[in-house]
Amino acid sequence: MSYNLLSMPILELRNLKKYFATQKAVDDISLTIEKGQIFGLLGPNGAGKTTLIRMITGIFYPDEGEILFDGKKFDPRSDISHIGYMPEERGLYKKMKIGEQTLYLAQLKGLNKNEATEKIKEWFQRFDMNSWWNKKVEDLSKGMSQKLQFVTTVLHDPKLIILDEPFSGLDPVNTNLIKDEIYNLAKRGSTVIFSTHRMEQVEEICDHIVLVNKGRKILDGTVKRVKQDYKENLFSIGVDQMPANLNGTAPFEILRNEDLSYVVRIKDNNKPNDVLQYLLQKGVNIHSFNEILPSLNDIFIRLVEGTPTARQFQKVN
Amino acid sequence: MSKTTLIIKREYLTRVRKRTFIISTILFPLLYLGLIFGSSYIAAKSGTHLNVAVIDSSGFFDRGKIERENMKDPDSSSRLTLVNMNPDSLAANFKKEGYDGYVVIPARLKWEDSVGSKLTIFTSRTIGGEGTGPVQSKLNNIWNSIKNEKLGIDENKKMILEKNTIKITPQNINDKTANSDVATGIAYACGILIYIILLLYGSQVMMGVMEEKTNRIAEVIVSSVKPFQLMLGKIIGIGLVALTQFLIWVSFVFIIYNVTSASAGGGAMSQMVANAQKIFMSINVPLILFCFIFYLLGGFFFYASLYAAIGSAVNEDMREAQSLSFPITMLVIISITMMSSAMKDPSGPLAVWASIIPFSSPIMMMARIPFGVPGTVPWWQLAASMATLIAGFMFTTWFAGKIYRTGILMYGKKPTWKEMIKWAFRKS
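Residues numbered from 1 in each chain as written. Chains lettered and ligands numbered in written order. Predicted model: local features only at pLDDT ≥ 70, side-chain atom pairs only at ≥ 80, totals over all residues. Heavy atoms only, no water.

Caption draft 1: A look at the environment of Pro 29 of chain B. Residues and elements named next belong to chain B. With respect to the secondary-structure elements, Pro 29 resides in helix α2 (residues 19–45). With 198 residues separating them along the chain, Pro 29 and Pro 227 place their C-alpha atoms 36 Å apart. When residues no more than four places from it in sequence are discounted, the contact partners of Pro 29 are Ser 24, Trp 249 and Phe 252. (Helix = DSSP H or I, 4+ residues; strand = E, 2+ residues; numbered from the N terminus. Contact = heavy atoms within 4.5 Å.)

Here is the structure:
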C-alpha cells in the first residue's frame, strides 16, 4: 500500500499481558502494525482476540507490557479519537433516530456538530442511506444496520480502524461495498485491523496476519510469506498420461489422480525442475504445472490442531 | 461540549421527548388526587353493616332504650334488635332470621360493679374491629344511660362528666408558626413523592443500563468515553428528567393557586384560597422547596448509582435484575415505613438518626423539615444530614463505577453481590 510510510508503525504492542482470575487471556503478545496495512488478527473464539482489541481501544488496561500508538506511548484519553472500533456484537440504540444517533456517536469521538453533520451526509450519500436520517434503527434490516454501524465506526477518519467480523450477516452486495471501503480507507493511509476466523476473507483482503491461540501469538507474517513457510511441496501437473511404472527413482510421489491432472509431492532434496526434467525424459506431454500453496485455513488447522478449538476451522472453506 | 455533557444531553432529551413522560407528568397528579379522594370516599361508603340480635338475660336492656339508641344515628353501620329467644335456638337460626350476629347479655351484669365485663358477639363470618366497634359503642351508650339512671345523674351532671375535659395541643416556642396538622400533611406528601421518584427513576437508570448492555452499544461507547462517564451521564441525565417533572408539578400548583386567588370572587372559593394562604404562611415554602430538591437529587444519586451497578451486572433477564436489586429497594421501603413514626415524634431519636444516615435521610429528613427549621430540625442536624448525603452518594457513585466498569462488558452468569463487591475493591 503506501510504502513510503512503511518504516513507521502505527501500533506496536510489546509483551502485552492481561490475566483474568481464571485464565491468561493475553499472554505475552508482541506485534507491530505498519501504517496503511490491512492487518488480519486471527484466532479461534476465546483465543484472546477481543481482550487484545479491548486493550488497543483503551477499554482494558494491560497488566503488563506496553502499547505504542503512532510512535508514542498509548494514551487512551487523547488517542481514542484516532481509533474506530466496530465490535463483533454490534450495538446501536434501537429507538433513536438514525441521523441523531450517528451525530451523537461522532460527537463522542470528538467531532464538533458541523463537522460531524457534513461527514455523515457524505457517507450517507456514498452508501445510499440518505432517506434513513429520520428512521429508527429498529426499522432497519440486519444488513442495513450493519452498514450504519460501519459508517459510525469510520466517520471520524480514524488512523486505526478495528473491525471485528465486519462481514457477518451481510449479503454479497453489501460485503463488496464494505470491502471496497476497507481498501479505500487503507489507500488513504488508514490502518485496518481485521479480526476474524473467516480465512478466505483474510487471504483476499489482508497484507499481514497474526494468529493467536490460547492467549499467545503462534504465527506472524505477510500472507505470501506464511503460505511459503507452510507449503508442503505440492504441485498439480496436467498431463495426458503418467508413465505407467513410476519407480523409486522418480523425484516425486503421486498423491491423487484428478481428471487429466495429478497432485504430487516432490520428494525431499528434489526441486520442481527435477520433476519437469524427469517427465520430459519420459516423453510425457505436460500442459500445466502449478504449485499448490496451502490455504490459510489448512495452515491454521494444522497450527491449532490438538486443541479443541481447531474444529471450528474445519468447516470453513 | 464535553463528552459527559453530550451523554447527559442525550439521556435527558430522549426521555423528556417521549410521550410517556408527558403523559405521566399530567396523569400522576390526577391519579394522586384521585387516589386520595377515592380512598376516603370508599372508606366512608363501605363500612361494615351489621344487623345484631340481642338477648338480654340481665333485665336492664329494654326495647325502648335499644330503639332510642338506633334512632340516634340512623346512618350507623350497625343496628341492634332485642329478641326473645333462647341462645341455642338463636345460634341455630340467627342467619335465617336476617341477623349478621348476636350478643347474649348475661344475667351476671351488675351496674354496681367497678370492673368491666367482656361479652362476645357471635357471627357466621369473621369481622374485625371496624365491625365490632359501633356495636360495642351502642351497647355502652345504653349501658351508660342505665348506670346514670341508677346513680341518679341527670342530663346536666352527665354533660359535666362527659364534656368538661382538658385538651392540650403542641406549640413549639422556637417556631410559633408551625402548625403540626399542616406539617404532617406536607411531610407525608414530600416523603411519598421522594419515595416514588427514587423507585421509579432508580429503576429507569437500571433499565437504561441494561438496555445499553444487552444492545451491545456499551462496548461501542466505552471505546469513545470512559465507562464512568457513561454511567455518570446517564444518572445525571435521568436525574434532571426527575427534576424537570417535579418542577412542572410545582409550577402547576403555583399557577392554579394564583389563578384561583385572582378569580375567586367570594364564597367557598375564597374560603379555600384563604385556607391555602394560611397553609403557605405557616410553613417556610422556599426552604422546603430547596430542601426537597436537594434531597430529591441527593437521594436519587445515592440510589441511582447502585441501580446502575446492578443494571451493568445482569443480562437481559428482568428477574435477575429484580432479585439483585431487592436489597436496594428494601432500603427505600424501610425508609418509608420509618416515616410515619418519625412524623409522630419528629424530634425523637429514631427520626434524628434516620434523617442523618444517608440511605434513609432523603425520605426521613423531608418528613421532618415541614415541622420547622430550626424549631424541630436544628440547623446542625440539617447540615450534618446534607453533608453525609453528599458523602454517601459520592461513595455509592465511586463504588458503583467500579462495578459498572467490569459488569458492562461481562456476559454470562449473573454475579452475586459478593462478587460485585470484589470487583469494586479490586485495583485497576
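Caption draft 2: Representation of the packing of helix α3 (residues 98–108) of chain A against helix α4 (residues 113–126) of chain A. Residue and element names in this part refer to chain A. Viewed as axis vectors pointing N to C, α3 and α4 meet at an angle of 125°, and their least axial separation amounts to 9 Å. The orientation of α3 with respect to α4, classified from their angle, is oblique. In the crossing of α3 with α4, the sense of the turn from one axis to the other is right-handed. Here Ile 98, Gly 99, Thr 102, Leu 103, Ala 106 and Gln 107 of α3 lie close against α4, whose contacting residues are Lys 113, Ala 116, Thr 117, Ile 120 and Phe 124. (Axes fitted to C-alpha atoms, helices over the stretch in contact; angles between N-to-C directions. Parallel < 35°, antiparallel > 145°, perpendicular 65-115°, else oblique. Left-handed = near helix turned anticlockwise from the far one by under 90°.)

Caption draft 3: Highlighting the interface of chain A and chain B. At the interface, 24 residues of chain A touch 19 residues of chain B. When the area that chain A buries against chain B is broken down by residue, the three leading residues are Tyr 93, Tyr 104 and Leu 108 of chain A, summing to 30%. Of all the secondary structure elements, the ones that give two or more residues to the side of chain A that touches chain B are α1 (49–56) and α3 of chain A. The dominant element in the side of chain A that touches chain B, judged by the number of residues it contributes, is α3 of chain A, at 6 residues. When the residues that make up the side of chain A that touches chain B are grouped by side-chain class, the tally is 11 nonpolar, 7 polar and 6 charged. (Buried area = accessible area lost by both parts, 1.4 Å probe. Nonpolar A, V, L, I, M, F, W, Y, C, P; charged D, E, K, R; others polar.)

Caption draft 4: Expanded view of a nonpolar patch on the surface. Residue and element names in this part refer to chain B. On the surface, a nonpolar cluster with roughly 1000 Å² of combined accessible area is contributed by Ile 22, Ile 23, Ile 26, Leu 27, Leu 30, Leu 31, Phe 252, Val 253, Ile 256, Ile 279, Phe 280 and Val 285. When residues of the nonpolar patch are traced back to their parent elements, those giving at least two are α2, α9 (227–263) and α10 (267–282). The dominant element in the nonpolar patch, judged by the number of residues it contributes, is α2, at 6 residues. With respect to the helices and strands, the residue Leu 31 is situated in helix α2. (Patch = residues over 30% accessible without salt bridge, like charges linked within 9 Å, V, L, I, M, F, W, Y side chains within 5 Å. Areas by Shrake-Rupley, 256 points an atom, 1.4 Å probe, with all protein chains shown as cover. Salt bridge = Lys/Arg side-chain N within 4 Å of Asp/Glu carboxyl O.)

Caption draft 5: Just the sheet that holds strand β11 (residues 234–239) of chain A, in detail. All names here are of chain A. Read across the open sheet, the 4 strands follow the order β12-β13-β11-β14; overall the sheet is antiparallel. Both outer strands of the open sheet, β12 (252–258) and β14 (286–292), are each paired with one neighbouring strand and no more. Ignoring strand direction, the axes of neighbouring strands in this sheet form an average angle of 25°. Pairing analysis gives 6 bridges linking β12 to strand β13 (residues 261–266), with the strands arranged antiparallel. Within β13, the residue paired with Glu 253 across the bridge is Arg 265. In the packing of helix α9 (residues 272–281) onto the sheet, contacts are made with β11, β12, β13 and β14, and the angle to β14 comes to roughly 160°. (Pairing = 2+ DSSP bridges.)

Caption draft 6: Broad picture of the side chain of Ser 236 of chain A. Residue and element names in this part refer to chain A. With respect to the helices, strands and loops of the structure, Ser 236 is situated in strand β11. Residue Ser 236 is classed as buried on the basis of its relative accessible area, which comes to 17%. Contact partners of Ser 236, with chain neighbours within four places excluded, come to Ser 261, Tyr 262, Ser 288, Phe 289, Asn 290 and Ile 292. (Buried < 20%, exposed > 50% of the residue type's maximum accessible area, 1.4 Å probe, protein only.)

Caption draft 7: Seen up close, the domain arrangement of chain A. The assigned domain composition of chain A is domain 1 (3–228) and domain 2 (232–292). Between the C-alpha centres of domain 1 of chain A and domain 2 of chain A the distance comes to 45 Å. (Domains from an automatic or database assignment.)

Caption draft 8: Summary view of the confidence of the model for chain B. All names here are of chain B. Overall, the predicted model of chain B reaches an average pLDDT of 84, with 92% of residues at or above 70. Within chain B, helix α1 (residues 3–16) carries the highest mean pLDDT (93), whereas α10 carries the lowest (69). Scoring of the predicted complex yields 0.77 for pTM and 0.79 for ipTM. (pLDDT = per-residue confidence, 0-100.)

Caption draft 9: Expanded view of the pairing of β11 of chain A. Residues and elements named next belong to chain A. Where burial is concerned, most of β11 is hidden: 6 out of the 6 residues are buried. Every second residue of β11 is oriented toward a common face, with Leu 234, Ser 236 and Gly 238 on one face and Phe 235, Ile 237 and Val 239 on the other, all of them buried. Sheet topology places β11 next to β13; 5 bridges connect them, and they run antiparallel. What sits directly across from Gly 238, in β13, is Ser 261.

Caption draft 10: Highlighting the packing of aromatic side chains. Under the counting rule described, the total for this entry stands at 21 aromatic pairs over all chains. Both rings, one in Phe 246 of chain B and one in Phe 292 of chain B, keep their centres 4.4 Å apart while their planes meet at 20°; by these two values the pair is stacked. Note that Phe 246 of chain B is positioned in helix α9 and Phe 292 of chain B in helix α11 (residues 285–313), a separation of 46 residues in sequence. Classification of Phe 246 of chain B as buried rests on a relative accessible area of 6%. Considering the side-chain rings of Phe 302 of chain B and Tyr 303 of chain B, the 5.1 Å spacing of their centres and the 75° angle between planes classify their relative orientation as edge-to-face. Following the ring pairs from residue to residue traces out a cluster consisting of Trp 123, Phe 127 and Phe 150 of chain A. Between the NZ or CZ atom of Arg 126 of chain A and the centre of the ring of Trp 123 of chain A, over which it lies, the distance is 4.3 Å. (Phe/Tyr/Trp six-rings, centres within 6.5 Å; stacked < 30°, edge-to-face > 60°. Lys NZ or Arg CZ within 6 Å of the ring centre and 35° of its normal.)

Caption draft 11: Spatial organisation of the sheet that holds strand β3 (residues 101–105) of chain B. Residues and elements named next belong to chain B. Taken in spatial order, the 4 strands make up an open sheet running β2-β1-β3-β4, and their pairing is mixed. Every interior strand has two partners, whereas the edge strands, β2 (78–82) and β4 (121–123), have only one. Each strand axis lies, on average, 25° off the axis of its neighbour in the sheet, ignoring direction. In this structure, strand β1 (residues 50–56) lies alongside β3, joined through 5 bridges in parallel fashion. Bridge pairing in β3 places Ala 53 opposite Tyr 102. Relative to β2, helix α5 (residues 129–151) is tilted by about 50°, and along the sheet it contacts β1, β2, β3 and β4.

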